[in-house]
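Tertiary structure, described
If you want the building blocks of each chain, they are given just below.
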Amino acid sequence: MNIILKIERTRYIRMQIIKYFILLLILVFSSMIGKFISKRYVYRLQELEEMKNTLNILKNKIKFTYEPIPDIFKEISNNSNKNIGQIFKKAEEKMEKTTADVAWEQAVEETNNNLKEEDKNVLKMLSKLLGQTDTDGQISQIEITENLLEGKIKDAMEAKQKNKRLYKSHPSVAMRQLP
């Protein structure tokens, strides 16, 4: 009888250890997921700011150098953040086969980055006059896009402030965000 109790107690202890281990794994993984989700807010903000700076460079290149748009895009892609530079690189590559406006729109859509769909729609607006009008028309379109991006940057800052701490400190919220 005593041996049976010892065996049962050993099984009970093993089950408790397994339960606590599984709970620990859930806590660790949900914390990691929360940190990953919170980083997306930071990366989105960084990419929006980088895009705004890059559009300023584009505007100045168009205004002062009169270089062809594919050459400007190639130079920008080499000097920009990985994700933002990728947009310009894809657009430059696509301009060999299509017009600047179509190439830009496709590049914005196809590039993997942390931008939301609404951010991408703002960037696609740039394609309306890109390569189709004189320099003043293109510059004014870039300035409009920069102003719209400024609003998106403010939204991204607010979202980052609101959600960054939430996802890091409350793993259960992060777990609910999983598909």
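Read on for an overview of the structure.

Criteria and thresholds
- Residues numbered from 1 in each chain as written.
- Predicted model: local features only at pLDDT ≥ 70, side-chain atom pairs only at ≥ 80, totals over all residues.
- Heavy atoms only, no water.
- Phe/Tyr/Trp six-rings, centres within 6.5 Å; stacked < 30°, edge-to-face > 60°.
- Helix = DSSP H or I, 4+ residues; strand = E, 2+ residues; numbered from the N terminus.
- Buried < 20%, exposed > 50% of the residue type's maximum accessible area, 1.4 Å probe, protein only.
- Axes fitted to C-alpha atoms, helices over the stretch in contact; angles between N-to-C directions.
- Left-handed = near helix turned anticlockwise from the far one by under 90°.
- Contact = heavy atoms within 4.5 Å.
- Nonpolar A, V, L, I, M, F, W, Y, C, P; charged D, E, K, R; others polar.
- Core = buried A, V, L, I, M, F, W, Y, C linked by side-chain atoms within 4.5 Å.
- Expected span 1.5 Å × (residues − 1).
- Polar contact = N/O pair within 3.5 Å; in protein donor to acceptor, adjacent residues only side chain to side chain.

A few words on the packing of aromatic side chains. Per the counting criterion, the structure on display carries three aromatic pairs. A centroid spacing of 5.0 Å and a plane angle of 85° characterise the contact between Phe73 and Phe88, whose relative ring orientation is edge-to-face. Here Phe73 is found in helix 2 (residues 69-79), whereas its partner Phe88 is found in helix 3 (residues 82-94), with 15 residues between them in sequence. Take Phe73 and Phe88: they sit in the same class, and that class is buried. Taken together through their ring pairs, the aromatic side chains of Phe73, Phe88 and Trp104 make up a single cluster.

Moving on: the packing of helix 1 (residues 2-64) against helix 2. The contact between helix 1 and helix 2 brings their axes to 11 Å, and the two run at 145°. Seen from above, helix 1 lies across helix 2 with right-handed handedness. When helix 1 is examined against helix 2, the residues Thr54, Ile57, Leu58, Lys61 and Ile62 are found in contact with a partner set consisting of Ile72, Phe73, Glu75 and Ile76. The class makeup of the residues in the contact of helix 1 with helix 2 is six nonpolar, one polar and two charged.

Of all hydrophobic cores here, the largest spans 30 residues; its most connected members are Met51, Leu55, Leu58, Phe73 and Trp104. Breaking this core down by element, the ones donating at least two residues are helix 1, helix 2, helix 3, helix 4 (100-110), helix 5 (117-125) and helix 6 (135-169). Ranked by residues supplied to this core, first place goes to helix 1 with six residues. Phe73 has contacts with Leu58, Phe88, Ala91, Glu92, Met95, Trp104 and Leu130, leaving out every residue within four places of it along the chain.

This part covers helix 3. Under the 1.5 Å per step criterion, the end-to-end length of helix 3 is 18 Å for 13 residues, consistent within 8% with the ideal 18 Å. Along helix 3, the positions that sit buried rather than exposed are Asn83, Ile84, Gly85, Ile87, Phe88, Ala91 and Glu92. In this fold, the buried residues of helix 3 make contact with helix 1, helix 2 and helix 4. With a side-chain oxygen positioned 2.8 Å from the backbone nitrogen of Asn83, the residue opening helix 3 is Asn81.

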